[in-house]
Amino acid sequence: MTIVTDSEHGHKNITRRRFLAAATSAVGAVVAGMVAVPLVDSLEPTAAAEAASSTTVDLTPIEPGMQVTVPWQKKPVIIINRTPEMLATLKETMQKGILKDPLCKVPQQPPYCTNMYRSRVPEWYVGIRICNHLCCIPHYRPKKGSVAPWWLGGFHCPCHGSMYDLSARVIQGSPAPHNMAVPEYELSTEKMSATITHMYPKAHLC
């Protein structure tokens with residue numbers, strides 16, 4: 001008869017525990033890998049999710065020159081009340097020839113926003129605050145000279161250096177290939193409200 005000592009029992013139990021721990025870790029790694037894809041995919045919601053989700057923003061508190069950023073379908077949407085001085089910089093950037101797509105030929109916005117202002121109403125800009133390079137969130141830098149001596153105001157992504165004007169049109173030399181995306185939305189100057197409804201199908205975030 002074979003006699004198993006307490007020390008042998010302990011060694012077998014330790015070995016068994018190590019095996020179970022390793023197996024559990026391996027399964028956890030596989031599950032984590034499976035979960036990672038839906039998290040990335042969540043940046044591009046399904047048509048059903050888009051239809052079910054809209055956000056209405058009260059524009060009354062947003063004074064000229066000010067902005068507000070609101071969450072919409074897990075994306076930051078920035079709304080800016082642009083002053084006449086801010087609107088004037090949009091012509092300046094075009095005159096200086098520093099924009100990659102000044103006439104918005106790439107469909108990063110709905111047709112009704114295919115203009116210099118990239119908006120329904122010139123002073124009110126509504127756009128998705130995501131850099132078109134690698135989906136970072138750029139800083140809003142409206143003050144002239146705050147990013148570079150020639151800076152007229154706009155968006156600056158500190159991650160990789162992409163720059164945009166106050167219509168979120170990408171500036172030459174930026175790693176971002178296109179202007180930032182503009183969603184589909186409704187805007188009422190009488191009710192002083194903006195309702196973000198859908199992601200424009202032809203636009204892409206990054």
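In what follows, the structure referred to is the one given above.
Remember, it's a predicted structure, so these values are computed and weren't measured experimentally.

Participant: Looking at this structure, how should I read the packing of aromatic side chains?
Facilitator: For the structure shown, the criterion picks out four aromatic pairs. With 6.5 Å between their ring centres and 50° between their planes, Tyr125 and Phe155 make a pair best called tilted. Here Tyr125, found in strand β4 (residues 124–128), pairs with Phe155, found in strand β6 (residues 154–156); they are 30 residues apart in sequence, far enough to count as distant. Residue classification places Phe155 among the buried positions, given a relative accessible area of 0%. Geometrically, the ring pair formed by Trp150 and Trp151 is edge-to-face, given 5.9 Å between the ring centres and 65° between the ring planes. Accessibility expressed as a relative area gives 37% for Trp150, which makes it partly exposed. What links up through ring pairs into an aromatic cluster is the set Tyr125, Tyr140 and Phe155.

Participant: How should I be thinking about the sheet that holds β6 in this particular structure?
Facilitator: Whether parallel or antiparallel, the strands of a sheet pair through hydrogen bonds between backbone atoms. Here we have three strands laid out as an open sheet, ordered β5-β6-β7, and antiparallel in their pairing. Sheet topology places β5 (139–141) and β7 (163–164) at the edges, where each strand pairs with a single neighbour. Pairing between β6 and β7: two bridges, direction antiparallel. When the bridges of β7 are listed, His156 appears paired with Met163.

Participant: Which parts of the structure should I look at to understand the state of the cysteines?
Facilitator: Linking two cysteines covalently via their sulfur atoms produces the bond known as a disulfide. One pass over the full model with this rule turns up one disulfide. For Cys135, the disulfide goes to Cys206, at an S-S distance of 1.8 Å. Taking the torsion about the sulfur-sulfur bond, which here is approximately -90°, the covalent link between Cys135 and Cys206 counts as left-handed. Note that Cys135 is positioned in the loop between β4 and β5 and Cys206 in the segment after β9 (193–198), a separation of 71 residues in sequence. Classification of Cys135 by relative accessible area gives partly exposed; the value is 22%. Cysteine Cys104 is unpaired, with the sulfur of Cys113 as its nearest cysteine sulfur at 9.2 Å. A relative accessible area of 3% means that Cys104 is categorised as buried.

What counts, and where the lines are drawn
Residues numbered from 1 in each chain as written. Predicted model: local features only at pLDDT ≥ 70, side-chain atom pairs only at ≥ 80, totals over all residues. Heavy atoms only, no water. Phe/Tyr/Trp six-rings, centres within 6.5 Å; stacked < 30°, edge-to-face > 60°. Helix = DSSP H or I, 4+ residues; strand = E, 2+ residues; numbered from the N terminus. Buried < 20%, exposed > 50% of the residue type's maximum accessible area, 1.4 Å probe, protein only. Pairing = 2+ DSSP bridges. Disulfide = S-S within 2.5 Å.

Honestly, that's just the spatial picture; any functional story needs more than this.
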